Amino acid sequence: MRRLGLVIAIAALLPVVSVTPAQALPDGLALTPPMGFNNWNTTGCAVDEQLIRDTADIFVDKGLKAAGYEYVNVDDCWAEPQRDADGRLQANKARFPSGIKALADYVHAKGLKFGIYTSAGTLTCAKTMPGALDHEDVDAQAFADWGVDYLKYDNCNNQGRPALERYTKMRDALKKTGRPIVYSLCEWGENKPWTWGADVGHLWRTTGDIKDNWAKVVQILKANAPLAPYAGPGRWNDPDMLEVGNGGMTTEEYRSHFSLWAMMAAPLLIGADLRKVSPANFDVLRNTEVIALDQDRRGVQARVLSNQDGHWVFAKPLENGDVAIALFNETTSSATIGTTAAAAGLPRAAGYTARDLWAHRDLQTAGRISAVVPPHATVVYRVHAGGQWWRNAPLVSSGVEVVPSVPGVPGEITPAGQPFEVTVSATDEARVPVFDPRVTLTAPAGWRVEQVARPRKVVLGTGETAAGRWRVTPPTGTEGTTAALRGGVTYRALGFGPVTWSGEQQLTVPAAAPATSAFASDLRWAAEKNGYGPIERDMSNGSIPAGDGKPLTINGVVYPKGLGAHAPSEAVFHVGGRCTAFTADVGVDDEREATNKQGSVTFEVYADGVRVAATGVRTWQDPAVPLAADLHGAKYLRLVVTDGGDGNSYDRADWAAARLTCG
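For clarity, every value in this text was computed on a predicted model and none was experimentally measured.

### Quick look at the overall build of the protein chain
Argument step 1. Along the protein chain, the regular secondary structure elements total twelve helices and 38 strands.
Argument step 2. In terms of overall size, the protein chain behaves like a compact globule, its C-alpha atoms giving a radius of gyration of 26 Å where 663 residues would be expected to give roughly 26 Å.
Argument step 3. Seen through its principal axes, the protein chain has C-alpha atoms that stretch 80 × 70 × 45 Å.
Argument step 4. Taken over 663 residues, the protein chain has a buried fraction of 57%.
Argument step 5. For the protein chain, the accessible surface area stands at approximately 24900 Å², while carbon and sulfur atoms represent 51% of it.
Argument step 6. Across the protein chain, the 65 positively charged side chains and the 72 negatively charged ones have centroids separated by 4 Å.

Dropping the structure here:
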């Protein structure tokens, strides 16, 4: 899909009562989530047969096939604009000169499977080739004749005809060919396909398109996670392809993306050009221990045990009685996240083995599963009750945590000259004690560091913590910079020798607070996140690249100054008590209105974590509305855009003429 569908608000996704999903198709296909490759995220229409051949080669040569990846899929734009005299689709002569059957044969010769794409409409989404609407039988037979093993069936240009009717017709056409073809319903979640898709296909898209940025991954996670009751062998919720390796996120964020997709029993379709992926990201894609969670034959999608302030706990029961537990930190500050074996559904036992699937080591725990999770990171344990748990080193949760100085403002924003507190801690979660715990903290040169508390225990029993606390002050002259605090923990455990841990927390020293009144677009923000590309200055939010917007325009009125955002969005400005008011004209930008007539958002203004102004829902039809907020005494201004409760499709939101009164 290239036309974002409506993402249903999380609260409306599931009824309160338990769900009895439809039965999976009785064909024995996709009993575990499909794994493979699709080119769209990296090439769009610029796809050719050489890319597909190279990808098949890399699957074999670099261990991806051995790790479980098998489908090599071509997305949109592979066909000529016109059908042949017999009404059959024709491969694009310039980019697929050998034809689709020859390409499928090449993939099959590697011991892999081949997938293809079309849309349940008159044209595909890119409008470069015919869709399959009313050509289901001839297209399905062509796919079977060519040796296709997987069909992604999109939803563009559907002429308003019912989704269930269109997707069922292709199901029946595929069945008539007699060839086993995995059937992916790319319906975007518009008609709740999770409620009917299992009778029609093997997997169904639950959301709009993924993008290679953190905000979009989190948004899709929040939409897909509540749908766990609908998934199972042969019937999978599909939160879209992987972005791992495309370059828009950090390796830590890609680990989280991969871990969470595996926990949700999602299809794992690589969306990067494997000829360009870094070694670190290859290691993410080849983590067979995480892949094993996704491919577990019990076929259970992880349920959310808790989510408090962006600190998530997921649990996924596995075929052999183990439970996978993922501790996910959505936020930008390190945080202690944990649960218990009992809460995750494990039986009572004297001890448990918790296998850390990214560190690749076995640890023992008395029953609490926890970690100090860095920003945007995910710690994944595979937990087994009983067994020889005593043979393992103790699970000790260690980390660096910054105490927020202002409620509602990320703790990693630390103004120059203002002290803040940092804790380095170690908690023994094991049955056995640990000895001589020591903690350290290192700050950049020139920063003032005062230790205000030291660990008091020389022996830590189960559940006990050793913690050090420091007061840290960034010096004047560091405004507008970033830095890192580094924490260290050492301890001993009988039979396992000394253990050393180190980690860090990234900090932002914001620019000095404005001394005079200024437009927001002329100031440096302390923190920013945006639903689609970056927040733009003095232009609308365009696409993912920075600086690709248009003049800020709300309901036909053009503004030369302001911020162009896309829900969900947030910008934090350090105002340091120097500003008294914030004003703006706010509304949905006209950039996409003429062709899509979509978009609804809310605008909210916070002063030190307290909401001081809000608009309620504004749509693409509404004129700009003035918004004013009192900032007297506030240290921080936070500008928030939400999706209005109906998903964030086309939610380009303008803070037009946004201005701070200061001085």
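### Quick look at unusual backbone geometry
Peptide bonds are mostly trans, and most non-glycine residues show a negative phi.
Argument step 1. A cis geometry characterises the amide bond from Ala567 onward to Pro568, with omega recorded as -10°.
Argument step 2. Along the chain, the position of Pro568 falls in the loop between β31 (562-566) and β32 (569-574).
Argument step 3. Here the phi dihedral of Asp436 falls at roughly 50°; this positive angle occurs in a residue that is not glycine.
Argument step 4. Take Asp436: it is sitting in strand β20 (residues 434-442).
Argument step 5. The class for Asp436 is partly exposed, based on a relative accessible area of 30%.

### Thoughts on the packing of aromatic side chains
Argument step 1. Following the criterion strictly, the structure yields 14 aromatic pairs and no others.
Argument step 2. Note on Tyr167 and Trp196: the rings are 6.4 Å apart at their centroids and 50° apart in plane angle, and the pair reads as tilted. Here the residue Tyr167 occupies a position in helix α7 (residues 163-177), and Trp196 occupies one in the loop between β5 (182-185) and β6 (203-205), the gap between them amounting to 29 residues. When sorted by exposure, Tyr167 lands in the same class as Trp196, which is buried.
Argument step 3. Taking the centre distance of 6.0 Å and the plane angle of 80° together, the rings of Trp389 and Trp390 count as edge-to-face.
Argument step 4. Trp389 gets classed as buried once you look at its relative accessible area, which sits at 14%.

### A closer look at the layout of surface pockets
Argument step 1. If you add up the space inside the second largest pocket, you get close to 310 Å³.
Argument step 2. Lining of the second largest pocket is provided by 14 residues; of these, Leu25, Asp27, Arg171, Lys175 and His202 occupy positions nearest its centre.
Argument step 3. Per-element tally for the lining of the second largest pocket: the top contributor is α7, with four residues.
Argument step 4. Within the lining of the second largest pocket, the residues separate by chemical class into eight nonpolar, one polar and five charged.

### Considering the pattern of salt bridges
Between side chains of opposite charge, a pair can form when the charged atoms approach closely.
Argument step 1. Under the definition given, this model contains 35 salt bridges.
Argument step 2. In this structure, Glu421 engages Arg469 in a salt bridge whose closest nitrogen and oxygen atoms are separated by 3.2 Å. With Glu421 in strand β19 (residues 420-428) and Arg469 in strand β23 (residues 465-473), this pair connects stretches of sequence that are 48 residues apart.
Argument step 3. Since its relative accessible area comes to 32%, Arg469 is described here as partly exposed.
Argument step 4. Note that Arg438 is salt-bridged to Asp436, the shortest N-O span being 3.2 Å.
Argument step 5. For Arg438, a relative accessible area of 52% gives the class exposed.
Argument step 6. Linked through salt bridges whose partners overlap, the residues forming this network are Asp134, Glu136, Arg161, Glu165 and Lys169.

### A short note on the pairing of β31
Argument step 1. For β31, a buried count of five out of five residues is recorded, marking the element as mostly surrounded by other parts of the structure.
Argument step 2. The side-chain alternation of β31 yields two buried faces, one formed by Gly562, Gly564 and His566 and the other by Leu563 and Ala565.
Argument step 3. In the sheet, strand β28 (residues 536-537) pairs with β31 via two bridges, with the strands oriented antiparallel. Residue Glu536 lies in a different strand from β31, and its bridge partner there is Gly564.
Argument step 4. Sheet analysis places β31 next to strand β38 (residues 652-662), joined by five bridges and oriented antiparallel. Across the sheet, residue Ala565 finds its bridge partner in β38, namely Ala653.

### Looking at empty space enclosed by the protein
Argument step 1. Summed over the entire model, instances satisfying the criterion amount to three cavities of 30 Å³ or more.
Argument step 2. By volume, the largest cavity is sized at about 80 Å³.
Argument step 3. Taken together, Asn38, Asn73, Tyr150, Lys152, Ser184, Cys186, Arg205, Asp238, Asp240, Met241 and Leu269 make up the full set of residues lining the largest cavity.
Argument step 4. The residue makeup of the lining of the largest cavity, split by class, is four nonpolar, three polar and four charged.

### Observations regarding helix α6 (residues 136-146)
Argument step 1. Within α6 the residues assigned to the buried category are Glu136, Asp139, Ala140, Ala142, Phe143, Ala144 and Trp146.
Argument step 2. Contact partners of the buried residues in α6: α5 (100-109), β3 (113-119), β4 (150-154) and α7.

### What about the state of the cysteines?
Argument step 1. For the coordinates displayed, the defined rule picks out three disulfides.
Argument step 2. Paired through a disulfide, Cys45 and Cys77 show a sulfur-sulfur distance of 1.8 Å. Here the residue Cys45 occupies a position in the loop between α2 (40-43) and α3 (49-61), and Cys77 occupies one in the loop between β2 (71-73) and α5, the gap between them amounting to 32 residues.
Argument step 3. Assessed through its relative accessible area of 29%, Cys45 is described here as partly exposed.
Argument step 4. A sulfur-sulfur distance of 2.0 Å marks the disulfide that ties Cys579 to Cys662. On the sign convention where negative is left-handed, the bridge of Cys579 and Cys662, at about 90° about the S-S bond, is right-handed. Residue Cys579 is located in strand β33 (residues 579-588), and its partner Cys662 is located in strand β38; the two are separated by 83 residues in the primary sequence. For the residue pair Cys579 and Cys662, the accessibility class agrees, reading buried in each case.
Argument step 5. Here the protein chain pairs its bonded cysteines, counted in sequence order, in the arrangement 1-2, 3-4, 5-6.
Argument step 6. Unpaired in terms of disulfides, Cys186 finds its nearest cysteine sulfur in Cys125, a separation of 6.9 Å.

### Quick look at the side chain of Asp296
Argument step 1. In this structure, Asp296 sits in the loop between α11 (288-294) and β9 (303-308).
Argument step 2. With no salt bridge to any partner, buried Asp296 finds its closest opposite charge in Arg382, at an N-O distance of 4.7 Å.
Argument step 3. A polar contact of 3.0 Å, which involves the side chain of Asp296, links it to the backbone nitrogen of Glu319.
Argument step 4. Beyond its immediate stretch of four places on either side in the chain, Asp296 contacts Thr32, Pro317, Leu318 and Glu319.

### Looking at the sheet that holds β5
Argument step 1. Across the sheet, which stays open at both edges, the eight strands sit in the order β7-β6-β5-β4-β3-β2-β1-β8 with parallel pairing between neighbours. The strands lining the two open edges of the sheet, one partner per strand, are β7 (236-238) and β8 (268-270). Across this sheet, the average inter-strand angle for adjacent strands is 25°, counted without regard to direction.
Argument step 2. Alignment of β2 against β3, held across three bridges, turns out to be parallel. For Tyr71, the partnering residue across the bridge sits in β3 and is Lys113.
Argument step 3. In the packing of α5 onto the sheet, contacts are made with β2 and β3, and the angle to β3 comes to roughly 145°.

### Here we look at the pairing of strand β10 (residues 311-317)
Argument step 1. Most of β10 is tucked away: six of the seven residues are buried.
Argument step 2. As defined by bridge partners, β9 adjoins β10 across five bridges and the pair is classed as antiparallel. If you follow Gln308 over to β10, its bridge partner there is His311.
Argument step 3. Here β9 hands over to β10 after two residues, with Asp309 in that stretch at a positive phi of 55°.
Argument step 4. Bridge count for β10 against strand β11 (residues 323-329) is seven bridges, and the pairing is antiparallel. Considered in β11, the bridge of Val313 is made with Leu327.

Cut-offs used in this document
- Residues numbered from 1 in each chain as written.
- Predicted model: local features only at pLDDT ≥ 70, side-chain atom pairs only at ≥ 80, totals over all residues.
- Heavy atoms only, no water.
- Helix = DSSP H or I, 4+ residues; strand = E, 2+ residues; numbered from the N terminus.
- Rg over C-alpha atoms; globule rule 2.2 N^0.38 Å.
- Buried < 20%, exposed > 50% of the residue type's maximum accessible area, 1.4 Å probe, protein only.
- Areas by Shrake-Rupley, 256 points an atom, 1.4 Å probe, with all protein chains shown as cover.
- Lys, Arg positive; Asp, Glu negative; His and termini not counted.
- Charge placed at Lys NZ, Arg CZ, Asp CG, Glu CD.
- Phe/Tyr/Trp six-rings, centres within 6.5 Å; stacked < 30°, edge-to-face > 60°.
- 1 Å grid on protein atoms, 1.4 Å probe; cavity = no way out; pocket = protein on both sides within 12 Å on 5 of 7 lines; lining within 4 Å.
- Points joined across faces, edges and corners; volume = space filled by probe spheres on them.
- Nonpolar A, V, L, I, M, F, W, Y, C, P; charged D, E, K, R; others polar.
- Salt bridge = Lys/Arg side-chain N within 4 Å of Asp/Glu carboxyl O.
- Pairing = 2+ DSSP bridges.
- Contact = heavy atoms within 4.5 Å.
- Disulfide = S-S within 2.5 Å.
- Polar contact = N/O pair within 3.5 Å; in protein donor to acceptor, adjacent residues only side chain to side chain.
- Axes fitted to C-alpha atoms, helices over the stretch in contact; angles between N-to-C directions.

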